[in-house]
Amino acid sequence: MGLLDLFYVASLPVIKVLLITAVGLFLALENVNLLGKDARIQVNHLVHYVFNPALVGGNLADTITFENFVTLWFMPVNILITFIIGSILGWILVKITRAPKNLEGLIIGVCSAGNLGNLPIIIIPAICKDKGSPFGDPDVCYKYGMAYASLSMAIGAVYIWSYVYNIMRVSASKFHRESTASIHSIHSIHASGELLGPFPDECSPESPSKYPAKEDDSYSQLLSSTEAGEKSKVSMTDKIKQKFKAIFFNSNIKAVFSPATLGAIVGFIVGVISPLRNLLIGSNAPLHVVEDSVTMVGEAAIPTITLIMGANLLKGLKGARTPFWTVIGILVVRYILLPILGVLIVKWATQLGLVPADPLYQFMLLLQYALPPAMAIATIAQLFGAGESECSIIMLWTYILASVAVTLWSTYFMWLVA
């Protein structure tokens, strides 16, 4: 298969993404307003809670077995490597460009987290269904390609909401603390220009004294040891309960176990456990109607996700200014440095026997290094209120250039593994 033929095959899925994205962008315009802000929120909830879990769980249950699960262990490691290398390059970019404080976490986030779910789920089936695909039978390619893409989506969601989420949370909280401190320092300057230092807490007449009164000390000494023990025992129990509540009801933990991740867990269990698999999977299974229903719901995910992605990019056309060299640096990291390092890492792992000799699987591992930033980064930026407008501009440019970069790298990756 020639290089031009590979380029043609690689460009088709990206062109499809751009066409549907353009439709989503059109539907989000104020004059049309079919995908306005409220509509996008509702459709996003539908995708997040219904379509994505059905898509991920259904594909994993259909294709993952205990035997091939053992051979896919390198994919979580590979995705973790992309996050670590990307965050290191993002940190270097922050230092070189001297980016504003409110953008530091955002820059590291977009450099580390790629769109590991939505784009592979769109790109892989389009490549597999094309007649000139180098991956053999279209049906077999689609079956295993969707399994790889679904696994990539599930693992990527866990890393984004645990690793990247905390990087951006720490950066945003640091920026907000510094902003608050600067506001307080400004308010402390008198009209004459003299600095008015605040009273220390212990010297303020309105604040209670740091040192307890002697009467309180003598009173506490009158407490019986039994009462003191019960009091400390109750407080320790309350502390343990509070710790458990903080862990299990933390929004970060809930985000890690997102519906897509839970769908992946259910899909793994059904696929790996033979009795459940024989009961639900396959045309001869007694409850195969359940699998058919889940698959039908999951098929709505891809076009809906693409439309929403186009509608969200409209914010970038109305966003604030982002430093020029920061955007250029992000493009260099995502579309030049990461793919080059990805080729070296995957080839090294293949030579060591860590990756099986499956061209489609190797292509999936390579593709994970050449993707635009994850759309979830925009959600996290909005959540912490740091660089939301700038994030829209970054997303706009990275996804516009993805049409060229992802196509070129996909062509090279197919030539490399074919």
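Note that the structure is a prediction, hence the values are computed from the model and not measured.

Cut-off values and rules
Residues numbered from 1 in each chain as written. Predicted model: local features only at pLDDT ≥ 70, side-chain atom pairs only at ≥ 80, totals over all residues. Heavy atoms only, no water. Helix = DSSP H or I, 4+ residues; strand = E, 2+ residues; numbered from the N terminus. Buried < 20%, exposed > 50% of the residue type's maximum accessible area, 1.4 Å probe, protein only. Contact = heavy atoms within 4.5 Å. Areas by Shrake-Rupley, 256 points an atom, 1.4 Å probe, with all protein chains shown as cover. Salt bridge = Lys/Arg side-chain N within 4 Å of Asp/Glu carboxyl O. Expected span 1.5 Å × (residues − 1).

(A) How the structure looks around the overall build of the chain. Across its full length, the chain carries 19 helices and zero strands. Looking at the chain as a whole, 45% of its 418 residues qualify as buried. Sequence separation of at least 24 residues holds for 83% of the intrachain contacts in the chain that already meet a minimum separation of 6. Of the roughly 22500 Å² of accessible surface on the chain, 66% is carried by carbon and sulfur atoms.

(B) Layout of the pattern of salt bridges. This structure, assessed with the given rule, holds one salt bridge. Between lysine 101 and glutamate 104 there is a salt bridge, with the nearest N and O atoms lying 3.7 Å from each other.

(C) Quick peek at helix α16 (residues 324-351). Counted at 1.5 Å a residue, the expected span for α16 with its 28 residues is 40 Å, and the 40 Å between its end C-alpha atoms agrees. Following α16 by one or two positions, glycine 353 has its phi on the positive side, about 80°.

(D) Looking closely at unusual backbone geometry. A positive phi is found at asparagine 33, a non-glycine position, where the angle reads about 60°. Looking at the secondary structure, you find asparagine 33 in the loop between α1 (3-27) and α2 (37-63). The phi torsion at arginine 98 lies on the positive side, around 50°, for a residue other than glycine. For arginine 98, the position within the fold is in the loop between α4 (74-97) and α5 (104-112). On the basis of relative accessible area, arginine 98 is assigned to the exposed category, the value being 75%.

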